[in-house]
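A look at the structure
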Amino acid sequence: MSVLLLSGGIESATLLHERSGTGDLHALFLDYGQRAARAERSAAIALCAATETPLTVLSLRGVGKALAPPGPFRPHIPLDARNLLAVALAANQALALKTHTVLLGVQRDDRGHSEGALPFITALSDTLAALGLTLETPYRDLRKTEVVARGRALGIDYARTYSCLLGRRTPCGHCPQCRARTQALGPGA
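Structure report, in brief.

Criteria and thresholds
Residues numbered from 1 in each chain as written. Predicted model: local features only at pLDDT ≥ 70, side-chain atom pairs only at ≥ 80, totals over all residues. Heavy atoms only, no water. Helix = DSSP H or I, 4+ residues; strand = E, 2+ residues; numbered from the N terminus. Rg over C-alpha atoms; globule rule 2.2 N^0.38 Å. Buried < 20%, exposed > 50% of the residue type's maximum accessible area, 1.4 Å probe, protein only. Contact = heavy atoms within 4.5 Å. Lys, Arg positive; Asp, Glu negative; His and termini not counted. Charge placed at Lys NZ, Arg CZ, Asp CG, Glu CD. Polar contact = N/O pair within 3.5 Å; in protein donor to acceptor, adjacent residues only side chain to side chain. Salt bridge = Lys/Arg side-chain N within 4 Å of Asp/Glu carboxyl O. Axes fitted to C-alpha atoms, helices over the stretch in contact; angles between N-to-C directions. Parallel < 35°, antiparallel > 145°, perpendicular 65-115°, else oblique. Left-handed = near helix turned anticlockwise from the far one by under 90°. Nonpolar A, V, L, I, M, F, W, Y, C, P; charged D, E, K, R; others polar.

Digging into the overall build of the chain
If you tally the helices and strands in the chain, you get seven helices and five strands. For the chain, the sequential pattern of α-helices and β-strands runs β-α-β-α-β-α-α-β-α-β-α-α. Computed over its C-alpha atoms, the radius of gyration of the chain comes to 16 Å, within 12% of the 16 Å expected for a compact globule of 189 residues. Taken along its principal axes, the extent of the C-alpha atoms in the chain is 45 × 40 × 30 Å. For the chain, buried positions account for 44% of its 189 residues. Long-range pairs, those at least 24 residues apart, make up 70% of the contacts in the chain between residues at least 6 apart in sequence. Of the side chains in the chain, 21 bear a positive and 15 a negative charge, and the two mean positions are spaced by 8 Å.

Some thoughts on the environment of A88
By secondary structure assignment, the location of A88 is in helix α4 (residues 82–96). Taking the C-alpha atoms as reference points, A88 and P69, 19 residues apart in sequence, are found 22 Å from one another.

What about the side chain of T161?
Secondary-structure assignment places T161 in the loop between α6 (144–154) and α7 (176–185). A distance of 2.6 Å separates a polar atom in the side chain of T161 from the backbone oxygen of Y158. In this structure, T161 is in contact with G8, G9, I10, A13, A43, L47 and R181, ignoring residues within four places of it in sequence.

Description of the pattern of salt bridges
Using the criterion set out here, one finds five salt bridges in the structure. One salt bridge connects D31 with R41, and the closest N-O pair in it is separated by 3.1 Å. With a gap of ten residues between them, D31 in strand β2 (residues 25–31) and R41 in helix α2 (residues 37–51) connect regions that are remote in the sequence. On the basis of relative accessibility, which here comes to 4%, the residue D31 falls in the buried class. For the salt bridge of R61 with D31, the shortest nitrogen-to-oxygen distance reads 2.8 Å. Placement of the pair is R61 in helix α3 (residues 61–67) and D31 in strand β2, with a sequence separation of 30 residues.

Concerning the packing of α6 against α7
At a closest axis distance of 8 Å, the pairing of α6 and α7 adopts a crossing angle of 55 degrees. It follows from the interaxial angle that α6 and α7 lie oblique. Relative to α7, α6 is oriented so that their crossing is right-handed. Residue-level contacts link K144, T145, V148 and R152 of α6 to A180, R181, Q183, A184 and L185 of α7. Across the contact of α6 with α7, the residue classes break down as four nonpolar, two polar and three charged.

So far we have only geometry, and geometry alone does not tell us how the molecule works.
Right, here's the structure in full:
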């Protein structure tokens, strides 16, 4: 069995579809106070329902609020090291489920961010190995467009996914996530 960190976005949705159907996958969604949490959670629920994958939803809104930068501005993503927290929580769930694998949908285009950089992913992998767990990042050498190509070959309906940082009902189309989504899926996606 594996625990998949499911954000409701393109990469985690593709991983979900690739690994579902075997009965040994469990998805984990984290609401850490990000602006898009409601839309991402809805996407995660719909994706898991479509693939008949069990889903655990953890509310960590208080953590996001407590650790967000001070001031009146509410950041889109309140936790700078969110993957560190996410992988730690997924590791705990993997241990509770007596499984040995955590799946993370980072891809090559994420390397420009500290949490997608290879040294960070390697350090996370080494940390999980010390617990007897494996961190799998099968897309780490693929571009987002390549992940989408894999997903389209599986027949994934990417309209069920959500990528906008603002969390609006209709994605803004201008934030970095919307731009990356449009580049990977094409206009109007």
